[in-house]
Amino acid sequence: MNGGPSGRISMEDFRPKFLSGIVGQDAVVTRLQGLANGVQSGRIVPPNLLLHGPPGIGKTTAARAFAREVLGEQFDNSFYQLRASDDRGIGVVRDGIIPLSRQPPKRGAPFRVFFFDEADALEPPVQSALRSAMEEGWGTTVFILACNDLGLISAPMRSRCMILEFRLVPAQEMRRLLTQVVTGGSLSIEGPLMDSIVERSEGIPREAIKLLVETIGRSTASGGAQPSQVGPGSEPPPS
Ligand SMILES: Nc1ncnc2c1ncn2[C@@H]1O[C@H](COP(=O)(O)OP(=O)(O)OP(=O)(O)O)[C@@H](O)[C@H]1O
Ligand SMILES: [Mg+2]
């Protein structure tokens, strides 16, 4: 990959598309992959999922990758991502999301996925409305919630979800992620610089990649590595 359409690097270029590209979250990935295998073999409808952990650790990435694996070609028409910046008030949830969650899925799709990013920002009445949608939509709609603060998710919602915790990425795994990013392009980075990025990232991949991009930017400005070839190497080829 040669960066975005402009040829410049954006953080989004580094988001793995598949579960296999997610680094340092083996327990979560194993469970999600098990669910995805069950869906692909037609044995199960996955439970609702609640992903939690600090910012920049892979929750949104995992939710999208999981949905892509279970929805396949239907991802574009059956995956709905609702961010905190979208209108997620009680009106939209009651009059839009809940009725839709009861409808049969699109033709060819096993179910639809509603992904509520930053779910800890949902108002209590909305959480309460979603709780019934989670029951009534079973079989046609899977809800995935992601949050930083599990304590802000109501107990009834928590009890209706499989809860998956994302943990700080160990240094060795972080080095592997950064090496993938670096070798995916034609870049090189000196060992001590890599060590310093791993240390300063404190287990957060978003931070590590940001620091790496900054370092590459500085090095390019001073005549070092060229960014035109930078690629994540973190997106495995579709299988
Ligand atoms: N475990 C990981 N493996 C590989 N890349 C990761 C991982 N976690 C994060 N990243 C990288 O960091 C970027 C941000 O990750 P993501 O958006 O998934 O974080 P998040 O946990 O959803 O954060 P927030 O709580 O702020 O929403 C991704 O685009 C990806 O490039
Ligand atoms: Mg997120």
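No experiment lies behind these values; they were computed from the predicted model shown.

1. So, the overall build of the chain
A tally of regular secondary structure across the chain gives nine helices and five strands. Each helix (α) and strand (β) of the chain, taken in turn from the N terminus, gives the series α-β-α-α-β-α-β-α-β-α-β-α-α-α. The buried share of the chain, taken over its 239 residues, is 40%. Looking at the chain alone, contacts between residues at least 24 apart form 80% of all its contacts between residues at least 6 apart.

2. Quick look at the sheet that holds strand 2 (residues 79-82)
The sheet built from five strands is open, its strands ordered 2-3-4-1-5 with parallel pairing. Pairing within the sheet leaves two strands with one partner each, and these edge strands are strand 2 and strand 5 (161-165). Shown here is a sheet whose adjacent strand axes are inclined to one another by a mean of 15°, direction ignored. Pairing of strand 1 (residues 48-52) with strand 5, which is carried by five bridges, proceeds in the parallel orientation. When the sheet's bridge partners are listed, His-52 is paired in strand 5 with Glu-165.

3. Considerations on the packing of helix 7 (residues 171-184) against helix 8 (residues 191-201)
Viewed as axis vectors pointing N to C, helix 7 and helix 8 meet at an angle of 125°, and their least axial separation amounts to 10 Å. Taken together, the axes of helix 7 and helix 8 are oblique relative to one another. The two elements helix 7 and helix 8 cross, and the hand of that crossing is right-handed. Of the residues in helix 8, those touching helix 7 at Ala-171, Met-174, Arg-175 and Leu-178 are Met-194, Ile-197, Val-198 and Ser-201. Residue composition of the contact of helix 7 with helix 8, grouped by class: six nonpolar, one polar and one charged.

4. A short note on the site of ligand 1
Neighbouring ligand 1 are 22 residues, the closest being Arg-15, Pro-55, Gly-58, Thr-60 and Thr-61. Residue composition of the shell around ligand 1, grouped by class: eleven nonpolar, eight polar and three charged.

5. What to know about the nonpolar core
Counting 59 residues, the largest nonpolar core has Leu-51, Phe-66, Ile-144, Leu-178 and Ala-208 as its most contacted members. At seven residues, helix 2 (residues 59-71) tops the list of elements feeding residues into this core. Excluding residues within four positions of it along the chain, Phe-66 makes contact with Leu-19, Leu-32 and Ala-36.

6. So, unusual backbone geometry
With phi around 50°, Glu-118 is a residue other than glycine that occupies positive phi space. Within the secondary structure, Glu-118 sits in the loop between strand 3 (112-116) and helix 5 (124-136). Under the C-beta neighbour-count criterion, Glu-118 is labelled partly exposed, with 19 such atoms within 10 Å.

7. Looking at the pairing of strand 4 (residues 141-147)
A large share of strand 4 lies buried, amounting to seven of its seven residues. Across four bridges, the pairing between strand 1 and strand 4 is parallel. What sits directly across from His-52, in strand 4, is Cys-147. As paired strands, strand 3 and strand 4 are joined by five bridges and run parallel to one another. The partner of Phe-115 across the bridge, within strand 4, is Ile-144. One crossover worth recording links strand 3 to the parallel strand 4 by way of helix 5, and it is right-handed.

8. Overview of helix 4 (residues 90-102)
Between its terminal C-alpha atoms helix 4 stretches 17 Å, which fits the 18 Å expected from 13 residues at 1.5 Å a residue. Listed as buried for helix 4 are Val-93, Ile-97 and Ser-101. Each element contacted by the buried residues of helix 4 is listed here: strand 3, helix 5 and strand 4.

Reading the values: rules and limits
Residues numbered from 1 in each chain as written. Chains lettered and ligands numbered in written order. Predicted model: local features only at pLDDT ≥ 70, side-chain atom pairs only at ≥ 80, totals over all residues. Helix = DSSP H or I, 4+ residues; strand = E, 2+ residues; numbered from the N terminus. Buried ≥ 20, exposed ≤ 12 C-beta atoms within 10 Å, placed from the backbone. Contact = placed C-beta atoms within 7 Å. Pairing = 2+ DSSP bridges. Axes fitted to C-alpha atoms, helices over the stretch in contact; angles between N-to-C directions. Parallel < 35°, antiparallel > 145°, perpendicular 65-115°, else oblique. Left-handed = near helix turned anticlockwise from the far one by under 90°. Nonpolar A, V, L, I, M, F, W, Y, C, P; charged D, E, K, R; others polar. Near = placed C-beta within 6 Å. Core = buried A, V, L, I, M, F, W, Y, C linked by C-beta atoms within 7 Å. Right-handed = clockwise from strand over helix to strand, strands pointing away. Expected span 1.5 Å × (residues − 1).

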